[in-house]
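Notes for the structure review
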Amino acid sequence: MTSVTKRFGILTSGGDCPGLNAAIRGVCRAAYDKYGMIGVGFANGYRGLISGDYRVLRREDFWGILTRGGTILGSSREKPFKTGGADYDVVGEKVSAIKENYHELKLDCLVVLGGNGAHSTAYRLAQEGLNVVGLPKTIDNDVQGTERCFGFHSALSIATEAIDRLHTTAQSHNRVMVIELMGHKTGWLALYAGVAGGGDVILIPEIPYSAKIIGKRLKKRLEEGKGFSIVVVAEGAMSREEAAMDKKERKRRRENVSIGYRVAREIECEANIETRTTVLGYVQRGGVPSASDRALATCLGATAADLLARGEYNRMVSFTNDSVTSVDLSVPAGKSKTVPLDHYMLYTALSVGACLGQ
Ligand code: F6P
């Protein structure tokens, strides 16, 4: 089949997640085998595109990577358009270097696997005249323009298993177990893992909580003879008092203590129940992708190759309404998809008696 794109560049940007390699394989297998394209892999996200750290991908490079965690290309949080700080003077130079490398390597398009930040950069590069196709990845599931990002399902399984494990020890010791999950400024992961793991309290950034209300709920459980409780907290969650503060004041008041520990302290104060905290951290991002993420990443990757072949540039592939489609790059750029307050999973959490701190 003839293809508009002959040579494409590919990079993975931002925090890694399970499914990146499956997506790289999906793009490359379809691009090479269906359309006869050649791919150039950049090392460590936009950093490699700036410095010209690349390799032409051979078929062997994407053999056997479907099940592997992380990214064979490496990643970084390099943001070439970010101004301020030490980078202020070099923004122009970085963008020129990117354009130079893109043209020198005779690329017809750049494929970017990333989250919000990566797609903001991709959009800016498209405005600078480069052709770009994006794929949404992140355990946070917070990319606008797609219902699902690959990486989310794997992290959800890991987080749910952790909650299951905390349940048994919480029960044995009649304790409150607080588990802090990732999710950046959104509550997708905490909400879904909280429901899947039967959390008694689920706190997400979209719903600022009241410590008093949490304390009341936990005391009520005690009165009902339930000596233990599970509290699932998103890393971006905040109290009503914090939500009313400006960003600077909020940061100062937090004293670099992560939310899981602050909530535990508040629970001990309000309910006087022995409480322990687990911050699950990077375990959520590591390891093999779930079957669901492998299938999704492969599907989005192969669809990206179709866009390249048709010359449909400056789009992000998207999984919406149980089908694969694409949206303009401006849709994910510079935005974060938060949990809508009328989301069915919030309604579900409340229906099964979880407290959302409100
Ligand atoms: O975006 C994925 C994510 O894991 C977030 O959930 C978390 O806030 C952040 O990355 C951690 O970033 P870093 O890898 O820079 O420590």
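Up top is the structure these notes are about.
Let me begin by describing the structure that accompanies this report. (Residues numbered from 1 in each chain as written. Predicted model: local features only at pLDDT ≥ 70, side-chain atom pairs only at ≥ 80, totals over all residues. Heavy atoms only, no water.)

1. Thoughts on the sheet that holds strand E4 (residues 109–114)
Rules: In this scheme, strands are said to pair when DSSP sees at least two bridges between them. Working definition: helices are DSSP H or I runs of at least four residues, strands are E runs of at least two. Numbering for both runs from the N terminus. Interaxial angle, 0 to 180 degrees, is taken between N-to-C directions of lines fitted to C-alpha atoms, where a helix line uses only the stretch in contact.
Strand order in the open sheet formed by seven strands is E3-E2-E1-E4-E5-E10-E11, and the pairing between neighbours is mixed. Both outer strands of the open sheet, strand E3 (54–56) and strand E11 (323–328), are each paired with one neighbouring strand and no more. Across the sheet, the mean angle from the axis of one strand to that of its neighbour is 25°, orientation sign disregarded. As defined by bridge partners, strand E10 (residues 315–320) adjoins E11 across six bridges and the pair is classed as antiparallel. Its bridge partner being in E11, Met316 is matched across the sheet by Val327.

2. Here we look at the site of the ligand
How we decide: Think of it this way: one heavy atom of a residue within 4 Å of a molecule or strand is enough to make that residue near it. We define a polar contact as two N or O atoms separated by no more than 3.5 Å, with the added condition that, inside protein, one atom must be a possible hydrogen donor and the other a possible acceptor, whereas residues neighbouring each other in sequence contribute only through side-chain atom pairs. Accessible surface area values rest on a Shrake-Rupley calculation with a 1.4 Å probe, where residue burial reflects the displayed protein chains alone. Following the grouping adopted for this structure description, the nonpolar residues are Ala, Val, Leu, Ile, Met, Phe, Trp, Tyr, Cys and Pro, the charged ones are Asp, Glu, Lys and Arg, and the polar ones are all others, Gly among them. The split into domains, and so the bounds of each, comes from an automatic or database assignment of domains.
Inspection of the region around the ligand gives Arg77, Ile139, Asp140, Met182, Gly183, His184, Glu235, Tyr282 and Arg285 as its neighbouring residues. Within the backbone of Gly183, an N or O atom sits 3.3 Å from an oxygen atom of the ligand. If the ligand stood free it would expose 400 Å²; the protein chains cover 74% of that surface. A breakdown of the residues in the shell around the ligand according to their chemical character gives three nonpolar, two polar and four charged. Both domains that furnish three or more residues to the shell around the ligand are identified here as domain 1 (7–150 + 289–328) and domain 2 (155–285).

3. Focus: the packing of helix H6 (residues 188–196) against helix H12 (residues 344–351)
Basically, it comes down to this: Crossings are assigned a handedness: left-handed for a near helix turned anticlockwise from the far helix by less than a right angle, right-handed for a clockwise turn. In this analysis, two residues are considered to be in contact whenever any of their non-hydrogen atoms come within 4.5 Å of each other.
Taken N-terminus to C-terminus, the directions of H6 and H12 make an angle of 35°; their axes are 10 Å apart at the nearest point. H6 and H12 meet at a crossing whose hand is left-handed. The segment H6 lies against H12, with Leu191, Tyr192 and Val195 engaging Tyr344, Met345, Leu346, Thr348 and Ala349. Taken together, the residues of the contact of H6 with H12 break down into seven nonpolar, one polar and no charged.

4. Focus: unusual backbone geometry
To be explicit about the condition: Burial classification: accessible surface area is computed with a 1.4 Å probe over protein chains only, and a residue below 20% of its type maximum counts as buried, one above 50% as exposed, and the rest as partly exposed.
Of note in this structure, Asn141 is not a glycine but carries a positive phi near 55°. Secondary-structure assignment places Asn141 in the loop between strand E5 (132–136) and helix H5 (152–173). Exposure remark for Asn141: the relative accessible area of 2% places this residue in the buried category. The phi angle at His184 is positive, at roughly 55°, despite the residue not being glycine.

5. Description of the state of the cysteines
As used in these notes, a disulfide is a covalent bond between sulfur atoms, one from each of two cysteines. Spelled out, the test is: Here, the term disulfide refers to a pair of cysteine sulfur atoms separated by no more than 2.5 Å.
The full count for this structure, using the stated rule, is zero disulfides. Left unpaired, Cys28 is separated from the closest cysteine sulfur, that of Cys109, by 13 Å. Assessed through its relative accessible area of 0%, Cys28 is described here as buried. Cysteine Cys149 is unpaired, with the sulfur of Cys17 as its nearest cysteine sulfur at 8.5 Å.

6. Observations concerning the sheet that holds strand E6 (residues 176–181)
As summarised here, the arrangement of the four strands in space is E7-E8-E6-E9, forming an open sheet in which the pairing is parallel. Strands with a single pairing partner mark the edges of an open sheet, and in this sheet they are strand E7 (201–203) and strand E9 (275–279). Averaged over all neighbouring strand pairs, the angle between strand axes comes to 15°, with direction disregarded. Contacts from H6 reach E6, E7 and strand E8 (229–234) within the one sheet, and its direction differs from that of E7 by about 170°.

7. Thoughts on H6
In terms of residue burial, H6 counts as a mostly covered element, since seven of its nine residues are buried. Looking only at H6, the buried set comprises Trp188, Leu189, Ala190, Leu191, Tyr192, Ala193 and Gly194. Turning to H6, the residues buried within the fold contact H5, E6, E7, E8 and H12. Gly198, located one to two residues past H6, shows a positive phi value of around 70°.

8. Here we look at the packing of helix H7 (residues 211–223) against helix H10 (residues 259–271)
Put simply, H7 and H10 touch, their axes get as near as 9 Å, and they point 60° apart. For the pair H7 and H10, the crossing hand works out as right-handed. Packed against H7, whose contacting residues are Ala211, Lys212, Ile214, Gly215, Leu218 and Lys219, the element H10 presents Glu266, Ile267, Glu270 and Ala271 at the interface. Of the residues belonging to the contact of H7 with H10, the class tally is five nonpolar, one polar and four charged.

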